[in-house]
Amino acid sequence: MLLYNIKIAIKSLRRNPILTLLLIGAIALGICVSTTFIALRHIFEKDPLPGKSASMHYVRLDNWDPTRAYVAEDPTSIPSQITYRDARALLKSDIPTRQTPMYKTTAFIFPDAKVGRPFAQDIRITFNDFFDMFDVPFQHGGPWTDAADAKPEQVVVIDQAINEKLFGGGNSVGKTVRIDERNYKVVGVLAPWRPATKFYDLTQSATNPLEGMFMPFNFTEVLEIVTSGNTDGWKSPDGDGVQAFLNSETVWLQFWVELPTPEKQAAYREWVNNYVRDQKKLGRFPRPLYTKVTSMPELMREFQVVPAAVKSMSIVSVLFLVVCSLNLVGLLLGKFLARIPEVSVRRALGASRLQVFWQHVVECELVGIAGGAIGLALSLAVLKMIGKFVPGGHEVIRLDGEMVLVSIFLSLVAGLMAGLYPSWRVCSVAPAMQLKVQ
Amino acid sequence: MPIGPILRAMNHNRTRFALIILEIAITLAIVTNAVNMILAERREMQRQSGFVDDNLVSINAQPFAPEFSEQSFVENVVANDLRALHALPGVKAAAATRIVPWQGGGSSGVWKTAGYPEKVQAQIYATTPRLFDVLGAPVAQGRGFNESDTPTDPNTPTQVTVISRALARKFWGDANPIGKVITDGAGETPRTVIGVIDRFYNPYAWNIGEFVLFTPGRAYGPGGMRYLIRVEDGAMKSVAAQLEPRLLQVNPGRVFRTRTIAEVKDGFFSGRRLIVTSMTAVIVVLVFVTALGILGITSLAVSERTKQIGTRRALGATKGDILKHFLAENWIVTTIGLILGIIATYALNFALVSNLTDVKMPWYLVGVGMVILWINGLVATIPPALRAARVAPAIATRSV
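Reading the values: the criteria
- Residues numbered from 1 in each chain as written.
- Chains lettered and ligands numbered in written order.
- Predicted model: local features only at pLDDT ≥ 70, side-chain atom pairs only at ≥ 80, totals over all residues.
- Helix = DSSP H or I, 4+ residues; strand = E, 2+ residues; numbered from the N terminus.
- Rg over C-alpha atoms; globule rule 2.2 N^0.38 Å.
- Contact = placed C-beta atoms within 7 Å.
- Buried ≥ 20, exposed ≤ 12 C-beta atoms within 10 Å, placed from the backbone.
- Pairing = 2+ DSSP bridges.
- Domains from an automatic or database assignment.
- Axes fitted to C-alpha atoms, helices over the stretch in contact; angles between N-to-C directions.
- Parallel < 35°, antiparallel > 145°, perpendicular 65-115°, else oblique.
- Left-handed = near helix turned anticlockwise from the far one by under 90°.
- Nonpolar A, V, L, I, M, F, W, Y, C, P; charged D, E, K, R; others polar.
- Arc of directions from axis to C-beta.
- pLDDT = per-residue confidence, 0-100.
- Core = buried A, V, L, I, M, F, W, Y, C linked by C-beta atoms within 7 Å.

Draft legend 1. Broad picture of the overall build of chain B. Each helix and strand in chain B was counted, giving 11 helices and 12 strands. For 400 residues, the compact-globule estimate of 2.2 N^0.38 gives 21 Å, and chain B exceeds it by more than 25% at 33 Å. By principal-axis analysis of the C-alpha atoms, chain B measures approximately 105 × 50 × 30 Å. Counting only contacts in chain B whose residues sit at least 6 apart along the sequence, the fraction spanning at least 24 positions is 83%.

Okay, here's the thing in structure tokens:
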């Protein structure tokens, strides 16, 4: 029956090719616009660690100026990062299953003289838990060991691009890289890894490029590494030099903990509060007790990872699809009503209302599918263009399987919305009436 | 013109007109809100940095050679760099800088002054004496820095500052800011205001884009140096290409990055430009789609009513009467749609404003949107209405 309906529908669509093109064009436009903007929003909104993100938590402590909140106009604001001494203290908790403080720095890489001149490179300084916590995929080797973290040993993990640049690709585990004045052993090479947002560090733009190298955190003091991320302070350090900076109230570290159960989350929150209470006794944390242990999805909302304009555009684009559908209703109504004489013959020959109704709905859905396919292809092209427009966008801006499904679903719904009323009108024709007139 | 028959005729085709009304209402809501967003983005994009952004290029040098840990070595390299830059053909002036127009973000601190109750967050940048000339930002009141303002010891805090007009207004209103003293949040490191520049804007995470203190200083150190270079008209391309090779000759122990300020600004606004472009495309396509929709539905109405039109013509209605009938019909439908559209516009604006913070819908935009859609509706009705007017009276006498 369905095949038969499709056959009739194709015949009917062929009878008036211009109208058919118009119908398909309207759906294609609507699908192109809505898919594009919904996909853009989805790129930002997508859960970066499906099934796991709810147990990843970001720790913040209000160590700010007693007379002034972190953002002066907003008393609920809290410093977006923590101090070095607090990071060191938080590491002592054994409640989280995994945890790491981290930051970004820039250092010089000295490739083999045959390969090229030294270049500046962004490096993430972190503990080895980073790789497990954030599901970082490895091509060769793996994270450095706990012993390498403790000592710290001169080891690095590099991404594909750096591996390509320094060693021409391949399994480079065991090779050495010179970073500033020292040689480091490569222990791991990442597989291609490009999450849509830099979800593990939202303190700068969520679309910033990821670092291509990773080094143990305990080098911070040994090498006096300086962050190239944000630093915010309200009180000058007691003296110059790196040690004074590390002891200061300046915030510059992100701190992530993995807390898989609500019990652990509650226990950890209490542990952090107790830590701050203890510090208050020492004269630190002059503001009222205020700490935040925020899950990743919540943090992404709080940091407004989805730009407001992208949200607005996704809403507008769906309304656009509605307008296209409304147009279709009008056109289909005309098309179907003009066919009433033909339909009433079918009805008189024994076709039930339901059969007539289905036949017309199938026709509308054919239009929906054809328009949807064209719209999807158009939206692929538009997204590609947008990717070129936005710095670094070509890596991130694309349609994933989920969005293709959404697009197909939208075209089916649009075809149905447009076709339901006209199909109902045409099937409610009484058979005899029309025959009489003829 | 009798309105009764028109309304009765419309009542016969309720669904069809309901469709047009809905379509027009949603179209008005989208168009006005989209234009509103575009205007908001454009306002941001048209802000002035306060500097002459054209013909300005920056080169950033990051040293890796160990000798750069010596301050005297750095001083020497910077002096040689500047000499080399000034000798390049096409270069008007060059200076070491901590700030590049449109870099977005930078360094800031909390400041206060006697007599003003609050501490104020403002940006702060060390500046060499010639930088204001290179930037094209004249010191409007008081004076700029001279060589003697820079303390000889890099660790000594500076004594004087040049601030932006916005910061001066914030602290002292319209009073003369020259000679006033600004301290940091703890009341230390006092600096006397010696000059004011009229305009400054560098977007910042906090709402402090227009507040800035410039202090006399080296604007470079062991961590690196950055120069701003003003070039002659038309010389940008050749100068930009020569910068890196020339500075490599001075000292090869560094890596460089050259960017024109036009590129920096472009990069900074790429997101906003994307919004403006895509919103504009959506508006244009939508208005076109709506016009096509009205055209299609009215054409249908005309071909269905050919017989009635013929009858009216046979009974003495002129071509003009028929034309007027369809135009009036459309006018009524469009107007109802637009009135509903006003409600839809504010509803959508409400939904969007809960996302965006400061994009309220101005009433005149709704007015302009209504006028455009009125004209759009009229234009879309004219072709089918003309066709209706051409229906011959004789049609009425034919059966089927």
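We are not done yet, so read on.
Draft legend 2. The overall build of chain A, seen in detail. What chain A contains, in helices and strands, is 16 helices and 10 strands. Projected onto the principal axes, the alpha-carbon positions of chain A cover approximately 100 × 60 × 35 Å. A total of 438 residues make up chain A; the buried ones form 41% of that total. Taking the contacts inside chain A whose residues are at least 6 apart along the sequence as the reference set, 78% of them involve residues at least 24 apart.

Draft legend 3. Focus on the pairing of strand S2 (residues 98-110) of chain A. Residues and elements named next belong to chain A. With 5 bridges joining them, S2 and strand S9 (residues 254-258) adopt antiparallel strand pairing. Along S9, the bridge assignment pairs Met 102 with Gln 254. Both S2 and strand S3 (residues 119-126) contribute to a ladder of 8 bridges, which runs antiparallel. Among the inter-strand pairings, Ala 107 is bridged to a residue of S3, identified as Gln 121. Two strands pair when backbone bridges link them, and S2 and strand S6 (residues 176-179) are joined in this way by 2 bridges, in the antiparallel orientation. Counted as the bridge partner of Phe 110 is Arg 178 from S6.

Draft legend 4. Highlighting the domain arrangement of chain B. The domain architecture assigned to chain B consists of domain 1 (4-45 + 270-397) and domain 2 (56-268). Just the C-alpha atoms count here: the centres of domain 1 of chain B and domain 2 of chain B sit 55 Å apart.

Draft legend 5. View of the packing of helix H11 (residues 308-337) of chain A against helix H8 (residues 270-304) of chain B. Viewed as axis vectors pointing N to C, H11 of chain A and H8 of chain B meet at an angle of 15 degrees, and their least axial separation amounts to 9 Å. Considering their axes alone, H11 of chain A and H8 of chain B lie roughly parallel with respect to each other. At the point where H11 of chain A passes H8 of chain B, the crossing takes the left-handed sense. Side by side, H11 of chain A and H8 of chain B meet where Ala 309, Met 313, Val 316, Phe 320, Val 323, Cys 324, Leu 326, Asn 327, Gly 330, Leu 331 and Gly 334 of chain A of the first sit next to Ile 275, Ser 278, Val 282, Leu 286, Val 289, Thr 290, Leu 292, Gly 293, Gly 296, Ile 297 and Leu 300 of chain B of the second. Residues belonging to the contact of H11 of chain A with H8 of chain B are distributed by class as follows: 15 nonpolar, 7 polar and no charged.

Draft legend 6. Here's a closer look at the domain arrangement of chain A. Residue and element names in this part refer to chain A. Partitioning chain A into structural domains gives domain 1 (2-48 + 307-437) and domain 2 (63-289). Each partner contributes residues to the interface: domain 1 has 7 residues there, and domain 2 has 7 residues. Of all the secondary-structure elements, those providing two or more residues to the side of domain 1 that touches domain 2 are helix H2 (17-45) and helix H14 (393-396). Residues that form the side of domain 1 that touches domain 2 fall into these classes: 4 nonpolar, 1 polar and 2 charged.

Draft legend 7. The interface of chain B and chain A, seen in detail. Opposite the 39 residues of chain B that make contact, chain A presents 35 residues. Secondary-structure elements contributing two or more residues to the side of chain B that touches chain A are helix H2 (14-45), H8 and helix H10 (319-353) of chain B. Counting residues per element, the side of chain B that touches chain A draws most heavily on H8 of chain B, at 15 residues.

Draft legend 8. Structural detail: unusual backbone geometry. Residue and element names in this part refer to chain A. Residue Pro 152 is reached from Lys 151 by a cis peptide bond, and omega for that bond is -15 degrees. Within the secondary structure, Pro 152 sits in the loop between helix H5 (146-150) and strand S5 (155-158). The phi angle at Asp 180 is positive, at roughly 50 degrees, despite the residue not being glycine. Of the residues examined, Asp 180 has 14 C-beta atoms within 10 Å and is grouped as partly exposed. A positive phi angle is found at Gln 304, which is not glycine, with a value near 50 degrees. Within the secondary structure layout, Gln 304 lies in the loop between helix H10 (296-302) and H11.

Draft legend 9. Broad picture of the packing of H11 of chain A against helix H15 (residues 401-427) of chain A. Residues and elements named next belong to chain A. In contact at an axis separation of 8 Å, H11 and H15 are set at 35 degrees when each is read in the N-to-C sense. The element H11 and its partner H15 pack so that their crossing is right-handed. In this structure, H11 uses Leu 321, Ser 325, Leu 328, Val 329, Leu 332, Leu 333, Phe 336 and Leu 337 to contact H15, whose residues at the interface are Leu 410, Ala 414, Met 417, Ala 418, Gly 419, Tyr 421, Pro 422, Ser 423, Arg 425 and Val 426. Residue classes in the contact of H11 with H15 are distributed as 14 nonpolar, 3 polar and 1 charged.

Draft legend 10. Representation of helix H9 (residues 306-314) of chain B. Residues and elements named next belong to chain B. Considered for burial, the residues of H9 that qualify are Ile 309, Arg 312 and Arg 313. The buried residues of H9 occupy an angular sector of 100 degrees when projected down its axis, which confines them to one face. Where the residues of H9 are buried, they touch H10 and helix H11 (363-389). One or two positions beyond H9, positive phi appears at Gly 316, with a value near 115 degrees.

Draft legend 11. Geometry of the environment of Asp 159 of chain A. By secondary structure assignment, the location of Asp 159 of chain A is in the loop between S5 and helix H6 (160-167). When the C-alpha positions of Asp 159 of chain A and Ile 27 of chain A are compared, they lie 43 Å apart, and in sequence the two are 132 residues distant.

Draft legend 12. Highlighting the confidence of the model for chain A. Of all residues in chain A, 98% attain a pLDDT of 70 or more, and the chain-wide mean is 90. Of all secondary-structure elements in chain A, the lowest mean pLDDT belongs to helix H16 (residues 431-437) of chain A, at 60, while S9 of chain A reaches the highest, 97.

Draft legend 13. Region of interest: the nonpolar core. With 148 residues, the main nonpolar core has Ile 27, Val 156, Phe 320, Cys 324 and Leu 328 of chain A together with Leu 28 and Ile 30 of chain B as its most contacted residues. If one sorts the elements of this core by residue count, H11 of chain A sits on top with 16 residues. Ignoring anything within four residues of it in the chain, the contact list for Phe 320 of chain A reads Gly 30, Val 33 and Ser 34 of chain A together with Ile 30, Val 282 and Leu 286 of chain B. Val 77, Leu 82, Phe 145 and Phe 214 of chain B belong to the second largest nonpolar core, which has 55 residues in total.

Draft legend 14. The confidence of the model for chain B, seen in detail. Predicted confidence across chain B gives a mean pLDDT of 87, with 97% of residues reaching 70 or more. We note a pTM of 0.81 for the whole complex and an ipTM of 0.79 for its interfaces.

Draft legend 15. Layout of the environment of Pro 307 of chain A. Residue and element names in this part refer to chain A. Within the secondary structure layout, Pro 307 lies in the loop between H10 and H11. Using a count of 19 C-beta atoms within 10 Å as the deciding quantity, one classes Pro 307 as partly exposed. Once the C-alpha coordinates of Pro 307 and Val 59 are considered, the two residues, 248 residues apart in sequence, prove to be 23 Å apart.

Draft legend 16. Inspection of the pairing of S3 of chain A at higher detail. Examined bridge by bridge, S3 of chain A and strand S8 (residues 213-216) of chain A share 4 bridges and lie parallel to one another. Across the sheet, Thr 126 of chain A pairs through a bridge with Pro 216 of chain A, a residue of S8 of chain A.

Draft legend 17. Region of interest: the environment of Val 139 of chain B. Residues and elements named next belong to chain B. Along the chain, Val 139 turns up in strand S5 (residues 139-142). Its 17 C-beta neighbours within 10 Å are what place Val 139 among the partly exposed residues. Distance in space between the C-alpha atoms of Val 139 and Gly 195 is 6.2 Å, their sequence separation being 56 residues.

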